[in-house]
Amino acid sequence: MSLAAIFLSAVLVNNFVLYYFLGICPFLGVSSKIDSALGIGMATTFVMTMTVFVTWPLYYYIISPETGFNLPFLEYVVFILVIASLVQFVEMFIRKFFSHLYKALGIYLPLITTNCAILGMALFMVLREYSYIESMVFGFSAGVGFTMVITIMAGIREDMKYAPIPKIFKGAPVTLITAGLLALAFMGFSGILSP
Amino acid sequence: MIIKSILIFGAIAIFAGIILALAYLKLKVKDNPVVEKLVDVLPGLNCGACGYVSCHEYAAAMSETMSEERAELNLCRPGGENIVNQISDILGVESEGDSKKVKAVVRCGVKDRKKSAIYEGPVDCTSMNLIGGGMACRYGCLGCGDCARACLFDAITLNENNLPVVNYGRCTGCGLCVDSCPRDIITLKEPDNDEIIYVACMSVQSAKDTKTICGDGCIGCKICERKAPEGMFSVKEDLASVKNQAGEVDIESIKCPPDCIDVLKRNS
């Protein structure tokens, strides 16, 4: 599969949020303002790309049954360890250089650790047997897809403040309905590229 | 196999730890020292009575340099006057006086709950109230102790009638029980001379209904209005309430027929 196909597949066709329903927590939690949505998107993209950067060699030279030491049961725990350390690093970095973004993201920044989109991405990478370069593109484009969707969502939610929403739908219900409709719209891409 | 995996995983973890430690040395951000001092002074209960999520956030809000953005210093209810003084010492700002001391009172005095239905389900007031509670009185205490569980200070215990009893000394007036009560029976009131006079009933049903449903509810007979000093009690919709408790009155002498005027005081 060409790199462009991997990119388009991860961004549009098999989007992590709207196709696999991974990473819903920040998708609903941080999508009330475009600024913080972009911030968490970029932080997630960075963590995803770095995760691939670290986990691919770890998997193929240490964990893998064929080329490593045959410890496949360590896969999850090593990936989580790598993701958690990276998130710590990103948190320190953002706190030092973008303290406003740090305040805006709040609790959702350390929660990237438990963002299943990242672990899912690392596991897909192994499952689909991507090469190192392909994995990097895959990780990056998964992050881009996440950023795009969460920003679209934030834009909709910002405008929705002025919409005459019935009282019982205000808040979480209408957000979930919007997420569902957005996923429905993205279903239009399905089948164009296989994952 | 086990040793190999432990060694490998340990090596990866230690490596990640070292990298993080090095990064921390390079990237660490010094916390505002004032905030740290304030956090030490605050009770650290994270009860949320000040309106901030945690004591740390409240401390950060108080240490804002711009005076219009700064949080007021007297919002910590568990802390009280002592802490307000310490905070104003640290910040070098005049304190705005004692935090408003309030205590929780339970405005229901039911002794024998009449059932209107048999309730089976989770034993907590919130779930019970969702389907009406199974109790004849629509205003009274359901008696499952949501408030006692919500209290961080063990200030609420259930008595033999499953009615919450507030311990005056322990209650900090944080209001967690008020939020936890689905029937809004618990209210915060300001004590006068270390005591709070209150009417232990919230039922605004007609006197006849109240009397048939519950022997301990206020029937709006207005005896308190007549016997107590002018303006102390007022009766509306067959329910008495305390308007102003400054007047000198002996509660026993009122002889409230259902005995629903209660006093919350120290060591009661």
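One can find the structure itself at the top, above this paragraph.
Here is a short report on the structure shown in this document. Within any chain, residue numbers begin from 1 and follow the written order of that chain's sequence. Written order determines the labels here, with chains lettered from A and ligands numbered from 1. Predicted model: local features are reported for residues with pLDDT of at least 70 only, side-chain atom pairs are reported and counted for 80 or more only, and whole-chain, interface and lining totals are derived from all residues. In computing side-chain values, all of the structure's heavy atoms are included and hydrogens and water are not.

1. Some remarks on the interface of chain A and chain B
For step 1, the next point in the chain: What makes two residues a contact is simply this: any of their non-hydrogen atoms within 4.5 Å. Tallying the contact residues gives 18 residues for chain A and 16 residues for chain B.
For step 2, the next point in the chain: By definition here, a salt bridge exists when the distance from a side-chain nitrogen of Lys or Arg to a carboxyl oxygen of Asp or Glu is within 4 Å. At the surface where chain A touches chain B, the tally comes to zero salt bridges.
For step 3, the next point in the chain: We call two N or O atoms a polar contact when they sit within 3.5 Å, provided that within protein one can donate a hydrogen and the other can accept it, with sequence-adjacent residues counted only if both atoms are side-chain atoms. Remark: the boundary between chain A and chain B carries one residue pair in polar contact (both at pLDDT 80 or more).
For step 4, the next point in the chain: Helix numbers and strand numbers start at the N terminus; a helix is a DSSP run of H or I with at least 4 residues, a strand a run of E with at least 2. Element by element, the count of residues in the side of chain A that touches chain B is highest for helix H4 (residues 75-97) of chain A, at 11 residues.
For step 5, the next point in the chain: Amino acids outside the nonpolar list (Ala, Val, Leu, Ile, Met, Phe, Trp, Tyr, Cys, Pro) and the charged list (Asp, Glu, Lys, Arg) are all regarded as polar, and Gly is one of them. A class-by-class count of the residues in the side of chain A that touches chain B yields 13 nonpolar, three polar and two charged.

2. Some points on helix H3 (residues 55-62) of chain B
Residues and elements named next belong to chain B.
For step 1, the next point in the chain: Turning to H3, its buried residues number three or more, namely Cys55, Tyr58, Ala59, Ala61 and Met62. The arc enclosing the buried residues of H3, seen along the axis, measures out at 160 degrees, which places them on a common side.
For step 2, the next point in the chain: Those residues of H3 hidden inside the fold are in contact with helix H2 (33-41) and helix H4 (81-91). Each residue gets one of three labels from its accessible area relative to the maximum for its type: buried under 20%, exposed over 50%, partly exposed in between, using a 1.4 Å probe on protein chains only. An arc is given here, and it is the one of the directions from the helix axis to the C-beta atoms.

3. Structural notes on the packing of aromatic side chains
For step 1, the next point in the chain: For Phe, Tyr and Trp, rings pair up if their centres lie within 6.5 Å, where Trp contributes its six-membered ring, and each pair is then called stacked (planes under 30 degrees apart), edge-to-face (over 60) or tilted (otherwise). Per the counting criterion, the structure on display carries 14 aromatic pairs over all chains.
For step 2, the next point in the chain: Each ring, one from Tyr130 of chain A and one from Phe138 of chain A, has its centre 5.1 Å from the other, and the planes form 50 degrees; the classification is tilted.
For step 3, the next point in the chain: Feature note: the residues Phe16, Tyr19, Tyr20, Phe124, Tyr130 and Phe138 of chain A constitute an aromatic cluster, connected by ring pairs.
For step 4, the next point in the chain: In this arrangement the basic side chain of Lys103 of chain B is found over the ring face of Tyr168 of chain B, its NZ or CZ atom lying 4.6 Å from the centre. Whether a charge lies above a ring is judged from NZ of Lys or CZ of Arg, which has to be within 6 Å of the ring centre and within 35 degrees of the ring normal.

4. Quick look at empty space enclosed by the protein
Residues and elements named next belong to chain B.
For step 1, the next point in the chain: Of the two site types, the cavity is a set of points on a 1 Å grid over the protein atoms alone where a 1.4 Å probe fits but cannot get out, and the pocket is an open set with protein on both sides within 12 Å along at least five of seven lines, each lined by residues with an atom within 4 Å of a point. Grid points are joined across faces, edges and corners, and a volume is the space filled by probe spheres set on the points. Within this structure, the stated rule accounts for six cavities of 30 Å³ or more.
For step 2, the next point in the chain: Around the largest cavity, the lining is made up of 21 residues, and of these Cys108, Val110, Cys137, Gly140 and Cys214 lie nearest the centre.
For step 3, the next point in the chain: Taken as a whole, the second largest cavity spans an internal volume of roughly 120 Å³.
For step 4, the next point in the chain: In terms of lining residues, the second largest cavity is bounded by 17 residues, among which Cys125, Cys141, Leu142, Cys147 and Cys181 are the most central.
For step 5, the next point in the chain: The class makeup of the residues in the lining of the second largest cavity is 12 nonpolar, three polar and two charged.

5. Brief notes about the environment of Ile12 of chain B
For step 1, the next point in the chain: Following the sequence through the fold, Ile12 of chain B ends up in helix H1 (residues 2-27).
For step 2, the next point in the chain: Accessibility expressed as a relative area gives 13% for Ile12 of chain B, which makes it buried.

6. Quick word on the layout of surface pockets
For step 1, the next point in the chain: Taken as a whole, the largest pocket spans an internal volume of roughly 970 Å³.
For step 2, the next point in the chain: Forming the boundary of the largest pocket are 23 residues, of which Arg95, Tyr102 and Lys103 of chain A together with His56 and Ala60 of chain B lie nearest the centre.
For step 3, the next point in the chain: Those elements that provide at least two residues to the lining of the largest pocket are H4 and helix H5 (99-105) of chain A together with H3 of chain B.
For step 4, the next point in the chain: Looking at the lining of the largest pocket, its residues break down into 10 nonpolar, six polar and seven charged.
For step 5, the next point in the chain: In this structure, the second largest pocket encloses a volume near 410 Å³.

7. Describing the pairing of strand S7 (residues 239-242) of chain B
Residues and elements named next belong to chain B.
For step 1, the next point in the chain: Across the two faces of S7 the burial is the same, with Leu239 and Ser241 and Ala240 and Val242 all buried.
For step 2, the next point in the chain: In the sheet, strand S6 (residues 233-236) pairs with S7 via four bridges, with the strands oriented antiparallel. Bridging from a neighbouring strand, Val235 pairs with Ala240 of S7.
For step 3, the next point in the chain: Strands qualify as paired when DSSP identifies two bridges or more between them. In sequence, S6 turns back onto S7 through a hairpin of two residues, with Glu237 there showing a positive phi of about 50 degrees.

8. Structural notes on the side chain of Thr210 of chain B
For step 1, the next point in the chain: Assignment of secondary structure puts Thr210 of chain B in helix H8 (residues 207-213).
For step 2, the next point in the chain: The contact partners of Thr210 of chain B, leaving out residues within four places of it in the chain, are Ser203, Gln205, Gly217 and Cys218 of chain B.

9. What to know about the pattern of salt bridges
All names here are of chain B.
For step 1, the next point in the chain: Per the stated rule, a full pass over the model turns up two salt bridges over all chains.
For step 2, the next point in the chain: The shortest N-O distance in the salt bridge between Lys111 and Asp216 comes to 3.6 Å. Of the two residues, Lys111 is situated in the loop between strand S1 (103-106) and helix H5 (125-130) and Asp216 in the loop between H8 and helix H9 (223-227); the sequence distance between them amounts to 105 residues.
For step 3, the next point in the chain: The salt bridge involving Arg149 is made with Asp146; its shortest N-O contact spans 2.9 Å. Within this pair, Arg149 and its partner Asp146 are both found in helix H6 (residues 146-150), separated by three residues, close to a single helical turn.
For step 4, the next point in the chain: A residue is classified by how much of its surface remains accessible, and Asp146, at 10% relative accessible area, is buried.

10. Overview of the environment of Val126 of chain A
Residue and element names in this part refer to chain A.
For step 1, the next point in the chain: Looking at the secondary structure, you find Val126 in helix H6 (residues 116-127).
For step 2, the next point in the chain: Relative accessible area serves as the criterion here: at 11%, Val126 is assigned to the buried category.
For step 3, the next point in the chain: Setting aside residues up to four positions removed in sequence, Val126 forms contacts with Tyr59, Tyr60, Glu75 and Phe79.

11. As for H1 of chain B
Three or four residues apart is the spacing at which side chains of an α-helix point the same way, because the helix has 3.6 residues per turn.
For step 1, the next point in the chain: What a helix is expected to span follows from its residue count: subtract one and scale by 1.5 Å. A rise of 1.5 Å per residue sets the reference length of H1 of chain B, with its 26 residues, at 38 Å; its end C-alpha atoms lie 37 Å apart and thus fit the reference within 8%.
For step 2, the next point in the chain: Of all the residues in H1 of chain B, the buried ones are Ser5, Ile8, Ile12, Ala16, Leu20, Ala23 and Leu27 of chain B.
For step 3, the next point in the chain: The elements touched by buried residues of H1 of chain B are helix H3 (34-63) and H4 of chain A.

12. Side note on the side chain of Thr55 of chain A
All names here are of chain A.
For step 1, the next point in the chain: By secondary structure assignment, the location of Thr55 is in helix H3.
For step 2, the next point in the chain: Among the polar contacts listed, one links the side chain of Thr55 to the backbone oxygen of Thr51, at a separation of 2.5 Å.
For step 3, the next point in the chain: When neighbours within four sequence positions are excluded, Thr55 is seen to be in contact with Phe79, Val82 and Met125.

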